[in-house]
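Each chain, written out:
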Amino acid sequence: MSPVLERRPQSSTVMRVIAPVIAALAATLITLVLLALSGKAPMEGFYALFLAPLATPSGWAQVLVKSAPLALIGAGLVVAFRARVWNIGAQGQYIAGAVAGSVLVIYRPEITGGWVLPVILLLGAVGGMVYAAVPAWLAIRFNANVILSTLMLDYVALAGLHYLTFGPWRNPANFGFPGSVSFPASASLPLLWPGTQVDLGVLLAFFAPLLVWGLLRFSLFGYQVRVSLSEAASVYAGFSRARMVWQSLLLSGGLAGLAGILQVAGPIGQLQTDISSDLGFAGIIVAYLAQLNPLGVMPAALLVGLFYVGSANAQITLGLSAALGELLQGILLLALLAANVLVHYRLRWRQA
Amino acid sequence: MPRNMDRGRESKLDKQAAVGPPRLELLGLSKHFPGVKANDEVSFEIRRGEIHALLGENGAGKSTLLKMIFGLLKPDAGQIKWEGRIIQIGSPRHAQSLGMGMVQQHFALLESLSVAENLALTLNRRGRFDLERIVHQIEAAANEYGLKVPARRPVHHLSVGERQRVEILRCLLQEEPLRLLILDEPTSVLTPQESKALFAVLRNLAADGLSILFVSHKLEEVRALCDRVTVLRKGEVVARLDSAKEAVDELARLMVGEAPPPLLLSEKRKDAGPVRLQVEGLNLPAADPHGMPLRNINLELRSGEILGLAGVSGNGQAELLAALTGERRSPTKSILIDGLPVGYLDVRARRRLGLRYVPEERVGKGVVPELSLIDNGLLTRWGRFLKKGWMRSREARESAWRLCERHHVRQTGVEHPAASLSGGNLQKFIMGRELDEQPTIFIAAQPTWGVDVASARRIQSQLLELRARGAALMVISDDLEELLALSDRIAVMSGGRISPVRSIDGIDRKELGRWMGAGREGWESLNDVA
C-alpha cells in the first residue's frame, strides 16, 4: 500500500481552517527536534518559546504589542497578494512611514497640541503610500517586476534610515549614539494598559483587518480584486490592471507606513536605526498564514507575535540563539505551504 | 509502386494483410472523475489498415478515452490489448514505443524553429544532432506518403494545414514504425481544401496497412472517410457500425439520442436597417510577434442582420474582436458606432453605447471559474449594482438566480463557483448575461464550440431572436455550417484580411473554401472579383 494524493472535486473549507493549525503544530514539532539536537532540553525550550509568554498578563501585553504591526501589515498584504501584486517592500514602506511621520518632531521637537498625533499618523500612512508609489509607477511605465523593485527599495530605505539616524537627524544630546530626539508627549500614542506598552496604536492595528474584510467583501474595489484572479476576465469586465496595481500598492504601502510610525510614536519613542522593520517580512508570513483572508489576519498575527516574544524570552532564559525566532518563522511558512496541499488534494492509500 | 528507400531504411509502415489480431482492442474501459463518469465500459476494436471513426458530440468522453489509449491517464477498469496482447500503457513514451502516434488539436510546434529543427527535438533521441539526416527523412516521406512539407522553413511561416502535416510526419518518422495513428478532431483547424488533401493522405496510409483512429463530431467527414464507426454518448458506446455510410440523420440520432431539434428560423428575413457599426480601412499591427496584423478591414453591421465571419481560427479573428470591442485601441476614425468615431474608446465606453460581446474563451475570460455565479453574473454589468461605491449583494444574488432561471442554466446553486458548470450551461449563462442587457450591437465568437447540441440550438435561436428585435450582429465561427444557417451575409477572414462580403442567398461554398485558404496573398491572387 502506498499513499497517493488525489485531487478533491471541491476545495475543502474545513482544511482551509485546519491547515494553519497543522502547520503550526508541525513547526513546533520541528523546533523541538532542533532544540533537542542543539543540546537544549526540548520541553523547557517549548515552554519558554510558546507558553511562558502566555502565562502572565505582561506576557500577553508583549504579544499584543508585537502582533499589532503584523496585523496592519498583514491586512494590507492580503489585499495586494489577492490582486497578484507581489509587494515584498513592506519593510521599506514601513521605514518610509516612520521617517515621514517623524519629520514634524525632528524639526519642531517641542511641538504641542492635540492635532499633532493625528497629523503624524497621517504623515506616516502617506509616507508609506508615496514609497509604494515608486514601484507602482515603475511597473506600469516600464513593466518593471514588482517583486524586484519593492525588494530592492527595501535596502534603499534601510540605507536611508541609517543615514538619517546617524547624520542629519541625530540628536546631539545622544552622546554620539545614533537616533533622533525622543518623541514628546504630544506626539506619542496614549497608553491603554498602564504598566505595559499596549497603546492606542495596538487598538487601531487590530481594526485594520476588519476594515479590509469589509472593503474586500462589499466594495467595488473588492470585486475588482476578486476578478483579478483572471487577467483576461478583468479586461473583459473593463477593469484596468494599472489601476489595480496602483491601488493595491498604495493601500498595502499606506498600512505598512502606518505600522512604522505607530511603532516609533509608541513603544520605541524615537526614530532609531533599528525600528524592527523586519516586521515587513513577517507580515508576508502573516498574510499567507491567514490564507489571504482578512479575518484570518488577527489569529495569524497573534501567532507570529507569540513566536517573536517567545524567542526573545528563550534567548534570555535559556540562552538560545537570536536567529531561532527567524528560523521558526521560516519553518512555519514552509509547513503552511505543505499543509495547504491538503486543501486541494486528499491523501488516499492505494494498492501499489 | 516503386518505393523510395531512405538510405537503406525500410518503409516505416507494416504492410501486413488485414488478418490476424486487431491492432487495438479496448475491453470494458472505464474512467471516473469526482462526480462524473467520463467513460463507462467502452469496448471496440481497430483492425489493421482500417480508418476507424470515434464519433461523439462534445462532452461524450472522447478526449478521456484518447488519453487512456495514449498513456496519459490510467483506466479505472478494463483492459487494453495491443495486437492481441494485454498491456498497460504507462506513458506516452511507452505508447510511442509500441507504434502509436497522436496528432492533437493543439500542435506542439515551436514557431521560431524550422520544420526540421522541430522534428529533430523528438526524433533525435540518440546520437549526434544531425539536421541534414532529418531533412532527408522529411523529403523522403514527402515522396513516399504524399505529405509535402518545406523542411527548412520556420514554422511560423506555415499554414495550419501544413503544420498539421508536420505533426503527422512526426508520427510517421518516429523510431518505432507507426502502426496506429490517432487524430483528434483534425479538421477543426483546416479549410475544406486542406481537409480533402488530408483525407487523401490518410487513405494512402491506410492502404499501406496503417490503422487510423479518427476522432470527430463532424458527421459528413466521418461518412466520407471512415470504414467503421463507434458512437460514443455520455461516456458509453451506443453503437458500433460496420459501415460509415449510414444516413446523417441516423448518425446524428445516435450521437445525441434523439433527432436534433431543428433550428427555428424566424419569419422571413426583413430588409436590413441602418448601419450601426462600421469599420473603415482598419490597419493594426500585430500586438506580439506571433499575432496577426489586421490589414485594410472594411465591414458594416446593420440593424436586423447577422454578418457571419468564417475562417479558420488564427487568421486575425481574435485581433479583430479585440479592436471592435475596445480591448485594443485603434485609430479613432477607423471604427464608427452610429456614425461616431470610437476607435479610442475602451470596453466600458463601447458597452455604454450598446455594444456587447461573448468571447471565445469561456472559462477564464467569459467567467472567472473560481468565483461564484453571483460574482460572474456581474462581470460585464457591475455598474448597475453599485450604490456609492458599494456593491448591492442581495440584488446581485437575485439577479444571478433570475438569469439561471430565464436561460435554463442547470446549476447546483448560484453561490457555487462557475467552474462547476458544464460547457453548455456555462455558455448559456454567459450568453444570457449579455443578452439580458439588450445590446444593440452584438458580437459572438465561437458561440457553440464545444457545446452539446441542445444548448447549441438554444443559443443559435437566441441569436436569431436578437436579430428579429433589430440588433446588428456578427458571429465569428470556424463552423461553416453554423454560419450558413444563421447569417444573412457572410465573409471570410484570412491572413488578417476580410474577403468581399456576400449575401447568403446563392452563396458559393467553393468560393468560400478558396477564400479560407487565401492567406496573406489576398483574394487578388485567386483572381476573384470583389
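What counts as what
Residues numbered from 1 in each chain as written. Chains lettered and ligands numbered in written order. Predicted model: local features only at pLDDT ≥ 70, side-chain atom pairs only at ≥ 80, totals over all residues. Helix = DSSP H or I, 4+ residues; strand = E, 2+ residues; numbered from the N terminus. Rg over C-alpha atoms; globule rule 2.2 N^0.38 Å. Buried ≥ 20, exposed ≤ 12 C-beta atoms within 10 Å, placed from the backbone. Contact = placed C-beta atoms within 7 Å. Pairing = 2+ DSSP bridges. Axes fitted to C-alpha atoms, helices over the stretch in contact; angles between N-to-C directions. Domains from an automatic or database assignment. Nonpolar A, V, L, I, M, F, W, Y, C, P; charged D, E, K, R; others polar.

1. Regarding the overall build of chain B
- A count of helices and strands for chain B gives 16 helices and 23 strands.
- The globule rule puts the C-alpha radius of gyration for 530 residues at 24 Å, and the 25 Å found for chain B is close to it.
- Expressed along its principal axes, the backbone C-alpha trace of chain B runs to roughly 75 × 50 × 45 Å.
- Relative to its 530 residues, chain B shows a buried fraction of 43%.
- When contacts within chain B are restricted to residue pairs at least 6 apart in sequence, long-range pairs at least 24 apart make up 69% of them.

2. Quick look at the sheet that holds strand β1 (residues 24-33) of chain B
All names here are of chain B.
- Read across the sheet, 4 strands follow the order β2-β1-β4-β5 without closing on themselves; strand pairing throughout is antiparallel. The sheet terminates laterally at β2 (36-46) and β5 (85-87), the two strands that pair on one side only. Strand-to-strand twist of the sheet, defined as the mean angle between neighbouring strand axes without regard to direction, takes the value 30 degrees.
- Bridge count between β1 and β2: 7 bridges; the pairing is antiparallel. Bridging across to β2, Phe33 finds its partner in Val36.
- Here helix α1 (residues 62-69) sits on the sheet and contacts β1, β2 and β4 (77-82); the angle it forms with β2, its principal contact strand, is near 60 degrees.

3. Concerning the domain arrangement of chain B
Residues and elements named next belong to chain B.
- Partitioning chain B into structural domains gives domain 1 (24-99 + 176-256) and domain 2 (275-526).
- One C-alpha centre belongs to domain 1, the other to domain 2, and the line joining them spans 33 Å.
- With 11 residues of domain 1 at the interface, the matching set in domain 2 holds 12 residues.
- When residues of the side of domain 1 that touches domain 2 are assigned to their parent elements, the largest contribution, 3 residues, is made by helix α6 (residues 192-207).
- Tallied by class, the residues present in the side of domain 1 that touches domain 2 amount to 4 nonpolar, 5 polar and 2 charged.

4. Digging into the interface of chain A and chain B
- Taken residue by residue, the interface counts 15 residues in chain A and 22 residues in chain B.
- Elements represented by at least two residues in the side of chain A that touches chain B include exactly α8 (220-227) and α9 (231-237) of chain A.
- The leading source of residues in the side of chain A that touches chain B is α9(A), at 5 residues.
- Among the residues making up the side of chain A that touches chain B, the classes are represented as 11 nonpolar, 3 polar and 1 charged.

5. Some points on the environment of Ser303(B)
Residue and element names in this part refer to chain B.
- Inspection of the secondary structure puts Ser303 in the loop between β12 (294-302) and β13 (305-310).
- Separated by 166 residues in the primary sequence, Ser303 and Arg469 place their C-alpha atoms 8.8 Å from one another.
- Once you skip the residues sitting within four places of it in the chain, Ser303 turns out to touch Ala272, Gly273, Pro274, Arg276, Gly470 and Ala472.

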